[in-house]
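# Residue-level structural notes
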Amino acid sequence: MDIFSAGFLNYLIALGTMSGIYAVLCLGLNLQWGFAGLFNAGIAAFFAIGAYAAAILTTPESPNHLGGFGLPVVAAWPVAMLLSGALAWAIGRICLKVQGDYLAMATIGIAEVIRLVIKNEEWLTAGTRGISNIARPFEALPTPWNALAFLGLVAALVAGIYWAAERAWASPWGRALRAIRDSDVAAAAIGKDVTQFRLEAFVLGAMVMALAGALSAHYFKFLGTTATEPMMVTFLVWVMLIVGGSGNNRGAILGAALIWVIWSATELLTNRLPGEWITRTSYIRVLLIGLLLQIVLQRFGKGLLPERPPRMIDDRPKSG
Amino acid sequence: MIKVEHISKSFGGIRAVDDCSLEVVRGSVTGLIGPNGAGKSTLFNIIAGLFPPSAGRVLLDGEDVTGWPAHRLFHRGLARTFQIAQEFSRMTVIENLLAVPPKQSGESLFRAWFAWRKVIEEERGLRVRAREVLEQLRLTHLEREYAGNLSGGQKKLLELGRTMMIQPKVVLLDELGAGVNRTLLGELAGEIERLNRDHGYTFFVIEHDMDLIARLCDPVIVMAEGRVLTQGTMAEIRRNEAVIEAYLGTRRQKTAAQARR
Ligand SMILES: Nc1ncnc2c1ncn2[C@@H]1O[C@H](COP(=O)(O)OP(=O)(O)O)[C@@H](O)[C@H]1O
Ligand SMILES: [Mg+2]
């Protein structure tokens, strides 16, 4: 393989873009799980809402699905995020008051409902046929600049969300959430409105996940029911965050990039398998990733970049 | 300050608190003693809003606060510690204290993002107070340690420290002394006396150390089997037949149960 060939460059750009989209998802999950200890088992629901909202709002009129709104991307993405946030708010209002595993069950359920709606409500989503003709920002530029510019956009969004999440981590808001995560009864006893804080983290995380969905719809220019696959969205994102280090925003980004590169590499690997094995590749890959997760957790129990308390605000580290 | 009227609480079949009425007078250090399982902690949890009672009323400062959530009661000046320490384990010792003060502007994400300077300024003030508290509790050297790594006694101290981060009207202490070294406990008792005398904080204290109770508390309330048995000064309590019976009674039951095994 000629490393200077256009094909290889495109491959790298694709790897970077997908890593970036997954990094956005991971940062969103970190807000929920790393900050607040909220177990979201239905990441795909919020991702899919973001993706479908962005696609429906920006595509030209089509007989196959709802559309023709013709919104520009900058207007569609906030709407996509708000829709996802509204769903999270509704779920949170019901489930976050009660202790325990309600949220996990509710998010699994909602993800399944959303998956079935997307598959069956063809007037809205075109069902299994999928939505095509989704515009990608910068696609008018010559190759490879169009792909590079989109990668740059994704990278800028990752950087922006990273900044916002780091600031949140260092702030009293993040501190209150970590307190709630460690002991909700003690946090309530020091006056923190546990439900309200949890709701904020859950909604914010869901909005970030929706942005990742929107990015992916525009990146692929096509959106089908695969966007709701629990495997590719929910499971993989969890592995990324755990491997990278939950409670660590850099860990979330590192985990996303690393696992995405490994995941893509397993595709190259499984493509070389003999014919009768090809049909088995999908679960072999999952198995491999599961194995990898085990190995990393054996050696790095808290992920590659473990959680750290934030540097105390504006406090010089002790010189010594 | 606190008035409890005919409170009952059942867990499944167990009547943990059974038609219990008592009052904690403003400005007092009131003790609550009784054998294990008497329902003392359950009563504390009801007063502090951890769960609502099955029946009865709780009044704080004359206001009916029955069933209020814990965080609202805190904002009304009620602070507490837990019998089993509830430290924020993956936060540092000083962060455990910094988390306490109410109305921090940095608890709004919007201000954390867009008014960072103000957040920093407030934080400086909080940190000064937190370090004073750590000094008093002899925990300064552990400032940046994870609270989860502290010993049992140190965790209890940290819980007391949380209540010292604000000016509460009334503080509930559930077995503060368990696991805390004697000399330090003596000093803390002095601190409680000082806060009570100079600042008028009311204390409501569950404690098994009778010497500490005798030193600090007047009056002392005795609970057994979910009910208030009697109330009085420690000297009166020590002479009370029913109290002796309650303590010995449980001991007798235990020995009998052990003998049966
Ligand atoms: N959350 C709970 N669930 C079930 N039973 C409980 C619970 N909390 C306390 N109890 C029971 O209530 C009774 C009183 O307990 P507690 O209030 O802790 O007593 P004390 O603090 O006086 O030792 C005990 O029999 C205990 O087992
Ligand atoms: Mg108790």
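About the criteria used
Residues numbered from 1 in each chain as written. Chains lettered and ligands numbered in written order. Predicted model: local features only at pLDDT ≥ 70, side-chain atom pairs only at ≥ 80, totals over all residues. Heavy atoms only, no water. Domains from an automatic or database assignment. Contact = heavy atoms within 4.5 Å. Buried area = accessible area lost by both parts, 1.4 Å probe. Salt bridge = Lys/Arg side-chain N within 4 Å of Asp/Glu carboxyl O. Polar contact = N/O pair within 3.5 Å; in protein donor to acceptor, adjacent residues only side chain to side chain. Helix = DSSP H or I, 4+ residues; strand = E, 2+ residues; numbered from the N terminus. Nonpolar A, V, L, I, M, F, W, Y, C, P; charged D, E, K, R; others polar. Donors = N, O, S within 2.8 Å, 3.2 Å for Na, K, Ca; no water. Core = buried A, V, L, I, M, F, W, Y, C linked by side-chain atoms within 4.5 Å. Buried < 20%, exposed > 50% of the residue type's maximum accessible area, 1.4 Å probe, protein only. 1 Å grid on protein atoms, 1.4 Å probe; cavity = no way out; pocket = protein on both sides within 12 Å on 5 of 7 lines; lining within 4 Å. Points joined across faces, edges and corners; volume = space filled by probe spheres on them. Near = heavy atom within 4 Å. Pairing = 2+ DSSP bridges. Axes fitted to C-alpha atoms, helices over the stretch in contact; angles between N-to-C directions.

### Regarding the domain arrangement of chain B
All names here are of chain B. When the domains of chain B are assigned, the result is domain 1 (2–87 + 165–260) and domain 2 (89–149). On a C-alpha basis, the centres of domain 1 and domain 2 stand 29 Å from each other. Residue-level contacts link 10 residues of domain 1 with 15 residues of domain 2. Between domain 1 and domain 2, roughly 980 Å² of surface is buried when both sides are summed, and carbon and sulfur atoms account for 66% of that area. Where R138 meets E187, a salt bridge forms, and the shortest distance between an N and an O atom there is 2.3 Å. On the surface where domain 1 and domain 2 come into contact, there are three residue pairs in polar contact (both at pLDDT 80 or more). Of all the secondary structure elements, the ones that give two or more residues to the side of domain 1 that touches domain 2 are α2 (70–75) and α7 (182–199). By residue number, the principal contributor to the side of domain 1 that touches domain 2 is α7, which donates five residues. For the side of domain 1 that touches domain 2, a count of residues per class yields five nonpolar, one polar and four charged.

### Quick notes on the coordination of the magnesium ion (ligand 2)
Donor atoms from the polypeptide that bind the magnesium ion (ligand 2) are B:S41 (OG) and B:Q83 (OE1), placed at 2.0 to 2.1 Å. Linking B:S41 in helix α1 (residues 40–47) with B:Q83 in the loop between β6 (78–80) and α3 (93–98), this pair joins segments that are 42 residues apart in sequence.

### A few points about the nonpolar core
By size, the foremost hydrophobic cluster in this structure holds 147 residues, and its most contacted members are A:Y22, A:L25, A:F46, A:W173, A:L223 and B:F203. By size, the runner-up hydrophobic cluster in this structure holds 28 residues, among which are B:I7, B:L43, B:I46 and B:A48.

### Examining the interface of chain A and chain B
Taken together, the 36 residues of chain A in the interface contact 38 residues of chain B. For the pairing of chain A and chain B, the buried interface totals around 3,400 Å² over both sides, and the portion due to carbon and sulfur atoms is 61%. Connecting chain A to chain B are five salt bridges. The partner of B:R90 in a salt bridge is A:E307, and the shortest N-O contact between them spans 4.0 Å. Among the elements of the structure, α6 (145–170), α7 (172–182), α8 (184–189) and α9 (194–220) of chain A are those that each provide at least two residues to the side of chain A that touches chain B. If you tally residues by element for the side of chain A that touches chain B, the top one is α7(A), at eight residues. Looking at the side of chain A that touches chain B residue by residue, the classes come out as 20 nonpolar, three polar and 13 charged.

### Quick look at the environment of B:R144
Its location among the elements puts B:R144 in the loop between α5 (116–136) and α6 (152–164). Expressed as a C-alpha distance, the spacing of B:R144 and B:E95, which sit 49 residues apart in the sequence, is 8.3 Å.

### Let's talk about the layout of surface pockets
Residues and elements named next belong to chain A. Volume-wise, the second largest pocket comes out at about 570 Å³. Taken together, 24 residues make up the lining of the second largest pocket; nearest its centre are M18, Y22, F220, M232 and W260. Those elements giving two or more residues to the lining of the second largest pocket turn out to be α1 (6–35), α9, α10 (231–244) and α11 (249–271). In terms of residues, the lining of the second largest pocket owes the most to one element, α1, which gives six residues.

### Points about the site of ligand 1
Residue and element names in this part refer to chain B. Every residue near ligand 1 is listed here: F11, I14, A16, P35, N36, G37, A38, G39, K40, S41, T42 and Q83. Between ligand 1 and the protein, one listed contact pairs an oxygen atom with a backbone N or O atom of G37 at 2.8 Å. Between S41 and ligand 1, the recorded distance is 2.8 Å, taken from a side-chain N or O atom to an oxygen atom. At the level of secondary structure, the elements contributing two or more residues to the shell around ligand 1 comprise β2 (14–24) and α1. In terms of residue count, the dominant contributor to the shell around ligand 1 is α1 (three residues). For the shell around ligand 1, the class distribution of residues is five nonpolar, six polar and one charged.

### Focus: the pattern of salt bridges
Side-chain pairing between opposite charges can occur once the charged atoms of the two side chains come close. Residues and elements named next belong to chain B. All chains considered together, the criterion is met by 28 salt bridges over all chains. Across the pair E122 and K118 runs a salt bridge whose closest N-O atoms are separated by 3.3 Å. Remark: K118 and E122 occur in helix α5; sequence separation between them is four residues, near one turn of the helix. A salt bridge links E191 to R194, with the nearest nitrogen and oxygen atoms 2.9 Å apart. Taken together, the positions of E191 and R194, both in helix α7 and three residues apart, correspond to about one turn of that helix.

### Here's the deal with the sheet that holds strand β4 (residues 55–60) of chain B
In any sheet, the strands associate via hydrogen bonds between backbone groups, in a parallel or an antiparallel arrangement. Residues and elements named next belong to chain B. Spatial ordering of the open sheet is given by β2-β1-β4-β5, a layout of four strands whose pairing is antiparallel. Among the strands making up the open sheet, the edge pair consists of β2 and β5 (63–64). Across two bridges, β4 lies against β5 in antiparallel orientation. Across the sheet, residue L60 finds its bridge partner in β5, namely E63. Packing against the sheet, α1 makes contact with β1 (2–11), β2 and β4, and its axis sits at approximately 115° to β1.

### Overview of the environment of B:V180
Mapped onto the elements, B:V180 comes out in the loop between β7 (170–174) and α7. Apart from the residues within four sequence positions on either side, B:V180 is in contact with B:G153, B:K156, B:L157, B:L185 and B:L188.

### Description of the side chain of B:N196
Residue and element names in this part refer to chain B. You can see N196 is positioned in helix α7. Judged by its relative accessible area of 18%, N196 is buried. Once you skip the residues sitting within four places of it in the chain, N196 turns out to touch G27, S28, V29, Y201 and F203.

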